Each structure stands twice: as C-alpha cells, then as structure tokens.
Amino acid sequence: MSKIVSVHSFRGGTGKSNTTANLAALLAMQGQRVGIVDTDIASPGIHVLFGLSEEDMGHSLNDYLWGKCSIKETAHDVTSSLKTGVSGKIYLIPSSIKAGEIARILRESYDVGLLNDGFTDLIDEMQLDILLIDTHPGINEETLLSIAISDVLLVILRPDNQDYQGTSVTVEVARKLDVPSLYLIVNKVPHVYMNGIGPKIEQTYNADVAAILPHSDEMMALASAGLFVAQYPDHPITAELKKVVARILA
Amino acid sequence: MPTVIVVHSFRRGTGKTSLVANLAALLARAGKRVGLVDLNIESPSLHYAFGLKDSAITCYLNDVLRQACSVEQATYDVTTSLQGSAPGKLYLLPASTRFLDISMALKGDFDSEALDACIPELIENNQLDIVLVDTRAGLTDDTLAAIAMTDILCIILRPDAQDFQGTAVTVDLARRLDVPRLIMIGNLVPKTYNLAEVTKEIETTYHCEVAITLPLNPDMMTLSSADIFVEVNPESPFTQELKTLLDHLIL
Ligand SMILES: Nc1ncnc2c1ncn2[C@@H]1O[C@H](COP(=O)(O)OP(=O)(O)OP(=O)(O)O)[C@@H](O)[C@H]1O
Ligand SMILES: Nc1ncnc2c1ncn2[C@@H]1O[C@H](COP(=O)(O)OP(=O)(O)O)[C@@H](O)[C@H]1O
Ligand SMILES: [Mg+2]
Ligand SMILES: [Mg+2]
C-alpha cells in the first residue's frame, strides 16, 4: 500500500522543503521508493537540495499541468544526490524556475483535478511506496486538495506567536477533512526552549508532536546546499526525523 | 519628487516586513512623511508591526483595490506607534487578514491599474516624501505590478542555495521591466559567515549593487512582533547599519 504524505506549514520559511527532502532521504535509505512533488509553484526550491540545476530540469510540474507531457516525464531520479548507495529510490517532480513560466501558471491558474490525477498516476507508474508533497504555505485550493487526499499530514510550525493562529486553522481544516494521521513537527526551536515544549504544543493544538527540531547552526550553514541527514547521520535532528519516518511507515 | 520603494524577495521569511517597518521608523525620526503599503495580500503583517489591531481597521487595501472604499478611508496614521514624538509621519494602508479576503485576493485577477492609481493618491492626500511597499514572496501579478511602477526595487535574500537560485528569476524580471534602480540586500546571515564574502557573492552572482548585508540578529528574533527593533534599540550597531542603508537608498 502506498501512502501520500503532505508537508505543510501556515507560514513560509518554516523548513518544509528541508524537512521533506531529508525525510525522503531517510525513507530511501530504508529501501522505500519515494516520490516528491514540489507544489510550491510560486517560489519553488526543493530541487536545489538535490543539486538539480535549472539546466538539468527538463520537464517540470508546470509542463504536466499545461498538458505538454505526462507526469512520468517530469520525474527526475535524484537518488544519486545521496552519494552513498541506498536501496530505495527518490524521484523528484520539480516546479519550474523560469520567470515566464511561474508568472504564467499563477496568472492563468490550472486544473486542480489534473494535479490529483498526476499524483495517482505517479504512484502507479513509478511504483512508489511514499509520495511526499511539498506544499505552498497558507490555505488555498491546491493545499486543501493535497490535505484531503493525504494519508499522513505533517504540519510544521515554529514556536512563535506569528505561527500560532494560522497553524490552528490548518489543524482544524485537516480535522474537517478527516486526514487519517496528523502530526506536528516543531522546527527551529531555540535551545533554551527545547525542554518541555513538546507537551505544551500537544496541549495547545490537541495533536501529536512527531518531532522537535532544534534551531541548528549546521543546518543554517548547509544553507539548502545538500541533505542534512546524509552529512550529519548522528545529529539530534536526524534522530528526530527518524521518528517521523517511523510514524509514516507505521 | 516622492520616491516609491518596493521591498521584495523571491522566498518567504527573508525579512521584508521587518526591514520596511524599521526603515519607516528611521525615516519618520529623520522628519520624513512616509507612506506604507502592505501588498502582501497572502500573509499580511505590516500593521501588526505598528501595533495596529484588526479590530481598529474598518477599510483595507483590499477594499480600495476592489473599489469598495477610498484610499483615504483605508489610510491609518500610525505615527503614534513610535516612542515619544517623531518629527515625521507614518501613514499605513493595511492588507486584510480575514480568511475570505485572502482567498478572494489570491483567486481574483489583480487590478494593477487600481494599484497604479492608489499610490499617487496616498502620496497626494498626505503630502508624502516616500512610500515603502511590502510585498509577498514569489512572482505574482500583484508583485509584478508593484515592480513595474517603483523607483527603487530592493530585493532581499538569505545566503541559502534556494534563495540564490530563486532570486535570479526576480532579478531577471526586474531588468526586463526596466526598474530605474535595483538594489540587493543580504539578510539573516549566520554568525559563522563572513558578511563581506556574502556581499561579494551576491554581487558576482547578479551583477547588481548590494546596498548592505545584515547579520542574523538574535535580539531581533526574540523581539515581539509589535516592537520595531530600531525603536527599542536606537544605539545598537544593527540600527547604525540600517541607517547606512537608508542613506544609500535616499541619496
Ligand atoms: N536580520 C535579522 N536578524 C534576526 N531576525 C530577523 C532579521 N530579519 C528578520 N528577522 C526575523 O525573521 C522573521 C521573518 O521576518 P519577516 O516577517 O520580516 O519576513 P518577511 O520576508 O516579511 O516574511 P513573509 O515572506 O512571510 O512576509 C521575523 O521573526 C523577523 O523578526
Ligand atoms: N532546524 C533548523 N535550524 C536552522 N535552520 C533551519 C532549520 N530548518 C530549516 N532551516 C533553514 O530555514 C530556511 C528555510 O527552510 P525551507 O526548508 O526552505 O523552508 P520552506 O520550504 O518552509 O520555505 C533554510 O535556509 C533552511 O536552511
Ligand atoms: Mg519550500
Ligand atoms: Mg512579510
């Protein structure tokens, strides 16, 4: 049985793309065949973590949504970016980084149903175990769709007031849409707050916290230039992300 | 001639709103009459920086753009949010945080003519010297409209590989739109980095003027969202840096 996992946050810059990419890496290390779709079409970026440059991009999600190609043709095998050999696979469906294409898809909008079909076809054709969706922050039509079809929803938040209200709305929406499993991931937690933050957040949102990730200078210094879990296999962040993997696979 | 400055970034959370709020405070302290426009219709927050509560707002920029109210009705004098008295003035056009308004703004066609008409009116009504426009990340119609009409475009980025690649898209577009003056600003640089090297990297990547590169300031991160850093810390070196930036912008 394959699973669709959406990674969402109400605000931007919370760490969705870094978390998604690193979860994919850990899943592939465990032998899973993983797909990632970058649905953040207004400011895409997860391809950077896999070292995929603009020139290598070929077909993107935009081309599929415009009917220019099949979803399979947009899937880039980025497994080798892990350097060490792994038994699983990672296929990335990037979103276009060309100015004209971004502006066009935002202006003309697209058929959200087609996106849904694309997810299903991708799982079938690439024989995926897990499909990760890196979403656009906030609540809009595409996000609602990806939340509605998810088996697992991971909501990332930072421990600050600006995130609070929006995150509550997201959690509420997910409940109304009956998402089977909903987990919170607290990211960029200052070291002084690490103690006791888990139970506090669980109580605030009445939802399970799957991981608490400290603010990390190593992560900042890596600056999206690679996969953290591959470079720091023994770091506390890697250990926490493994807990999330266990929840996804449960 | 009043100057319009648009502050933008390709990615989110780069520090646009913080920069706009801090520059506005410094400008008002320097005696300028400043207009503020929150064009981040997706996640508006500029009014919070000036302690303006939603309950105190009756008309938003959203209403102006859909011709449901006048520019004057949606303009809020937030000068008193500064400590003590300032010789200048701050007039803010806030964007709506209501869920329905946001979905409507994101769905509907953006009326760039309405924006083009709105800013001169704001200037005229309040005899402004300068207007700062806060935007949302990404290449959306509303941002394109703002870029097309600005005198100065400030693009902010962090020293992150995703920022570097995405920002190329915005710079390319700004050049095609013939922005009179394009300025890059590095922000949120971790303490392990050398600021001058980051500046150089931005310069060589985009062949643009880099006005300043700002460090990640831990005191700014823990500041509550209703406080403006330069107001709370007038003597801090970070405040001095922002003043330098201001000189750079308005000279
Ligand atoms: N130089 C800095 N040092 C430390 N913290 C900073 C700095 N600049 C901004 N911040 C903090 O970073 C966070 C994001 O800043 P801000 O809200 O201004 O970004 P933004 O670009 O407006 O985000 P959005 O794209 O969501 O509108 C805030 O908590 C702010 O206080
Ligand atoms: N735990 C962390 N500690 C320090 N920096 C982090 C952490 N998580 C993410 N970051 C940094 O935050 C920035 C935004 O992360 P990203 O994954 O692109 O977020 P999003 O996809 O939500 O916009 C990146 O520069 C990343 O390196
Ligand atoms: Mg992202
Ligand atoms: Mg902002």
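Everything that follows concerns the structure shown earlier in this document.
Residues numbered from 1 in each chain as written. Chains lettered and ligands numbered in written order. Predicted model: local features only at pLDDT ≥ 70, side-chain atom pairs only at ≥ 80, totals over all residues. Heavy atoms only, no water.

Asks: Would you explain the overall build of chain B in this entry?
Replies: When its secondary structure is counted, chain B shows eleven helices and eight strands. Its C-alpha radius of gyration of 17 Å places chain B within 12% of the 18 Å reference for a compact globule of 251 residues. Across its three principal axes, chain B shows a C-alpha extent of roughly 50 × 40 × 35 Å. In chain B, which comprises 251 residues, the share counted as buried stands at 58%. (Helix = DSSP H or I, 4+ residues; strand = E, 2+ residues; numbered from the N terminus. Rg over C-alpha atoms; globule rule 2.2 N^0.38 Å. Buried < 20%, exposed > 50% of the residue type's maximum accessible area, 1.4 Å probe, protein only.)

Asks: Help me understand the environment of A:Ile201 in this model?
Replies: All names here are of chain A. Tracing the backbone through its elements, the reader meets Ile 201 in helix 8 (residues 197-205). When its relative accessible area of 8% is taken as the criterion, Ile 201 is described as buried. When the C-alpha positions of Ile 201 and Leu 157 are compared, they lie 9.9 Å apart, and in sequence the two are 44 residues distant. Every residue in contact with Ile 201, bar those within four places of it in the chain, is listed here: Leu 157, Leu 184, Val 186, Asn 206 and Val 209. (Contact = heavy atoms within 4.5 Å.)

Asks: Any chance you could explain the sheet that holds strand 6 (residues 152-157) of chain A here in plain terms?
Replies: Sheet strands pair by backbone hydrogen bonding; their relative direction is either parallel or antiparallel. Residues and elements named next belong to chain A. In space, the eight strands of this open sheet follow the order 3-4-2-5-1-6-7-8, with mixed pairing throughout. Each end of this open sheet is capped by a strand with a single partner; those strands are strand 3 (76-77) and strand 8 (208-214). Inspection of the sheet shows strand 3 paired to strand 4 (residues 89-93) by two bridges, in the antiparallel sense. When the bridges of strand 4 are listed, His 76 appears paired with Leu 92. (Pairing = 2+ DSSP bridges.)

Asks: For this particular structure, what's the right way to read the site of ligand 1?
Replies: Near ligand 1 there are 17 residues, and of these B:Lys16, B:Thr17, B:Ser18, B:Asn187 and B:Asn217 occur at the shortest range. Of the chains in the model, those with residues near ligand 1 are chains A and B. Contact between ligand 1 and B:Gly15: an oxygen atom at 3.0 Å from a main-chain N or O atom of the residue. In the model, a nitrogen atom of ligand 1 is placed 2.8 Å from a nitrogen or oxygen of the B:Asn187 side chain. Protein burial of ligand 1: of its 640 Å² of free accessible surface, 92% is covered by the chains. Broken down by secondary-structure element, the contributors of at least two residues to the shell around ligand 1 are helix 1 (16-29), strand 7 (181-189) and helix 9 (218-221) of chain B. Class assignment of the residues belonging to the shell around ligand 1 gives a composition of six nonpolar, eight polar and three charged. (Near = heavy atom within 4 Å. Polar contact = N/O pair within 3.5 Å; in protein donor to acceptor, adjacent residues only side chain to side chain. Areas by Shrake-Rupley, 256 points an atom, 1.4 Å probe, with all protein chains shown as cover. Nonpolar A, V, L, I, M, F, W, Y, C, P; charged D, E, K, R; others polar.)

Asks: For this particular structure, what's the right way to read the packing of aromatic side chains?
Replies: What characterises a pair of aromatic rings is the spacing of the ring centres plus the angle enclosed by the ring planes. Applying the stated criterion to the full structure yields three aromatic pairs over all chains. On the basis of an interplanar angle of 5° and a centroid distance of 6.1 Å, the ring pair of B:Phe164 and B:Tyr206 is categorised as stacked. Taken as a pair, B:Phe164 in helix 7 (residues 161-176) and B:Tyr206 in helix 8 (residues 195-206) lie far apart in primary sequence, 42 residues in all. Comparing B:Phe164 with B:Tyr206, the two get one shared label, buried. Just above the ring of A:Trp66 sits the side chain of A:Arg104; from NZ or CZ to the centre is 3.9 Å. (Phe/Tyr/Trp six-rings, centres within 6.5 Å; stacked < 30°, edge-to-face > 60°. Lys NZ or Arg CZ within 6 Å of the ring centre and 35° of its normal.)

Asks: I tried to follow the pattern of salt bridges on my own but got confused; where do I start?
Replies: For the structure shown, the criterion picks out 20 salt bridges over all chains. If you follow the salt bridges from partner to partner, you end up with B:Arg11, B:Arg158, B:Asp160 and B:Asp163 in one network. (Salt bridge = Lys/Arg side-chain N within 4 Å of Asp/Glu carboxyl O.)

Asks: Would you mind showing me how to read empty space enclosed by the protein here?
Replies: Rolled over the atoms, a probe sized like a water molecule indicates the empty space that remains. Residue and element names in this part refer to chain A. Tallied over the full model, the rule gives one cavity of 30 Å³ or more. The space that makes up the largest cavity amounts to roughly 50 Å³. Taken together, Glu 54, Met 57, Gly 58, Ser 60, Ser 96, Ile 97, Lys 98 and Glu 101 make up the full set of residues lining the largest cavity. Its residues assigned to classes, the lining of the largest cavity shows two nonpolar, three polar and three charged. (1 Å grid on protein atoms, 1.4 Å probe; cavity = no way out; pocket = protein on both sides within 12 Å on 5 of 7 lines; lining within 4 Å. Points joined across faces, edges and corners; volume = space filled by probe spheres on them.)

Asks: I keep staring at unusual backbone geometry and nothing clicks. Help me out?
Replies: Most peptide bonds take the trans form, and the phi angle of most residues other than glycine is negative. One non-glycine residue, A:Ser224, lies in positive phi territory at about 65°. In this structure A:Ser224 comes out as buried when scored by relative accessible area, which is 1%. One non-glycine residue, B:Leu188, lies in the positive phi region at around 60°. Tracing the backbone shows B:Leu188 in strand 7.

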